[in-house]
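An overview of the molecular structure
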Amino acid sequence: MLIQTEIVRHSPIGEYKVICRNAAAEDVEELYSLIEEFARLGIMLPRSREALISQINQFIIAEMDEDFIGCGSLFKLGPDLVEVRSIGLYAEGRGKGIGSMILGKLIEAARGQRIPQVIAFTCEVDFFIRNGFTVVEKGLFPEKFKTDCVNCKRQLACNEIAMVKRIDEY
Ligand SMILES: CC(C)(COP(=O)(O)OP(=O)(O)OC[C@H]1O[C@@H](n2cnc3c(N)ncnc32)[C@H](O)[C@@H]1OP(=O)(O)O)[C@@H](O)C(=O)NCCC(=O)NCCS
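Our subject in this report is the structure included herewith.

Analysis parameters
For every chain, the first residue of the written sequence is number 1, and numbering continues from 1 onward in sequence order. Local features are withheld for residues below a pLDDT of 70 in this predicted model, meaning they are given only at 70 or higher, and side-chain atom pairs are given and counted only at 80 or more; totals for whole chains, interfaces and linings count all residues. Think of it this way: any DSSP run of H or I at least four residues long counts as a helix, any run of E at least two long counts as a strand, and we number them from the N terminus. Each radius of gyration is computed over the set of C-alpha atoms, and the globule rule expresses the reference value as 2.2 Å times the number of residues to the power 0.38. Here a residue counts as buried when 20 or more other C-beta atoms fall within 10 Å of its C-beta, as exposed when 12 or fewer do, and as partly exposed in between; the C-beta atoms come from the backbone. By definition, two strands form a pair when at least two bridges between them are found by DSSP. Axis definition: a line fitted to C-alpha atoms, limited for helices to the stretch in contact. Angles are taken between N-to-C directions and run from 0 to 180 degrees. Once C-beta atoms are placed from the backbone, any two residues with those atoms within 7 Å are in contact. Residue proximity rests on one test: whether the C-beta atom, placed from the backbone, lies within 6 Å of the molecule or strand. Here the nonpolar group is Ala, Val, Leu, Ile, Met, Phe, Trp, Tyr, Cys and Pro; Asp, Glu, Lys and Arg are the charged ones; every other residue, Gly included, is treated as polar. The nonpolar core is taken to be a set of buried Ala, Val, Leu, Ile, Met, Phe, Trp, Tyr and Cys residues joined by way of C-beta atoms within 7 Å. By definition here, a helix of n residues has an expected span of 1.5 Å times n minus one. It is the directions from the helix axis to the C-beta atoms whose arc is reported.

**Here we look at the overall build of the chain**
Within the chain one finds 5 helices and 8 strands. Here the C-alpha atoms of the chain give a radius of gyration of 16 Å, agreeing with the 15 Å that 2.2 N^0.38 yields for 170 residues. Reported as C-alpha extents along the three principal axes, the dimensions of the chain are approximately 45 × 35 × 25 Å. Per-residue burial over the chain gives 28% buried out of 170 residues.

**Thoughts on the pairing of strand 1 (residues 4-11)**
Of all 8 residues in strand 1, 0 are buried; the element is thus mostly exposed. Here 8 bridges tie strand 1 to strand 2 (residues 14-22), and the two strands are oriented antiparallel to one another. Note that in strand 2 the partner of Gln 4 across the bridge is Arg 21.

**Section: the sheet that holds strand 5 (residues 81-89)**
Read from one edge to the other, the open sheet built from 8 strands follows the order 1-2-3-4-5-6-8-7, with strand pairing classed as mixed. Each having just a single partner strand, strand 1 and strand 7 (134-136) make up the two edges of the open sheet. Each strand of the sheet is rotated relative to its neighbour by a mean of 25°, with strand direction disregarded. Its contacts with the sheet put helix 1 (residues 28-40) on strand 3 (59-64), strand 4 (67-78) and strand 5, and the angle it makes with strand 4 is roughly 80°. On top of the sheet, helix 3 (residues 98-112) reaches strand 1, strand 2, strand 3, strand 4, strand 5 and strand 6 (117-122); it is set at about 35° to strand 4, its chief contact.

**Overview of the site of the ligand**
Near the ligand lie 19 residues; those nearest to it are Arg 94, Gly 97, Gly 99, Ser 100 and Thr 122. Elements that contribute at least two residues to the shell around the ligand include exactly strand 5, helix 3, strand 6 and helix 4 (125-130). Its residues placed into classes, the shell around the ligand shows 8 nonpolar, 6 polar and 5 charged.

**Considering the nonpolar core**
Judged by nonpolar contacts, the single largest core of 35 residues is most densely connected at Ile 60, Ala 62, Cys 71, Ile 102 and Leu 106. Counting only elements with at least two residues in this core, the list comes to strand 2, helix 1, strand 3, strand 4, strand 5, helix 3, strand 6 and strand 8 (161-166). Ignoring any residue separated from it by four or fewer positions in sequence, one finds Ala 62 in contact with Val 18, Ile 19, Cys 20, Ile 69, Gly 70, Cys 71, Gly 93, Ile 98, Met 101 and Ile 102.

**Looking at unusual backbone geometry**
With phi around 50°, Asp 65 is a residue other than glycine that occupies positive phi space. Tracing the backbone shows Asp 65 in the loop between strand 3 and strand 4. Since 11 C-beta atoms lie within 10 Å of it, Asp 65 is described here as exposed.

**Focus on the environment of Phe 59**
Here Phe 59 shows up in strand 3. Taking the C-beta count within 10 Å as the criterion, Phe 59 has 25 such neighbours and is therefore assigned buried. Note: C-alpha distance between Phe 59 and Ala 120 (61 residues apart in sequence) is 15 Å. The residues contacting Phe 59, other than those within four sequence positions of it, are Ala 23, Leu 31, Cys 71 and Ser 73.

**So, helix 3**
For helix 3, with 15 residues, the first-to-last C-alpha span of 21 Å sits near the 21 Å given by 1.5 Å per residue. Of the residues making up helix 3, those classed as buried are Ile 98, Gly 99, Ile 102, Leu 103, Lys 105, Leu 106, Ala 109 and Ala 110. The arc enclosing the buried residues of helix 3, seen along the axis, measures out at 155°, which places them on a common side. Phi turns positive one or two residues past the end of helix 3, at Arg 114, with a value near 60°.

This is the structure we're talking about:
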């Protein structure tokens, strides 16, 4: 996936520059800290540094005025299915449309691979609805169960909602 986008946004407190770009090895510590913070709150699955290093190509980074502000990743669950994962922003980046920008870039990358549908397992239902996802039955995605849920300690008490967006229709 090849991502490099820059936009300048104007707000009542001035203008700020947001960049979305592919993650690189030197981003691992920043990614690790952000994901750990959300994992401690129970809103993201933890990722070890080793996993982040080996999966670094799946991640994109958002920077606001050249500071790391958030991330997101795209994980292939099968030939026709990808999952968006680990979308998160530090508090100062939220409420500015940056989450949607990250999600849009991940969807663009999935489209580039001709994948017809994207799923998310999330508690942020409104955010995904704003971005064209709909709520579906978790059981519809055995790929997800085999890859993640089977090893998850919250398996029987999972509070995440399954959401899907078809991306082969415009
Ligand atoms: C979920 C999350 C990623 C959403 O990110 P976000 O950037 O706040 O969400 P959006 O892109 O939808 O942006 C929404 C807000 O930005 C505003 N916005 C949208 N486009 C904008 C633009 N072009 N310029 C300025 N603001 C804009 C919207 O008005 C909206 O503001 P509001 O919330 O006050 O109504 C973020 O809240 C987060 O990191 N949460 C914690 C981690 C988490 O739960 N992740 C989900 C795991 S799957």
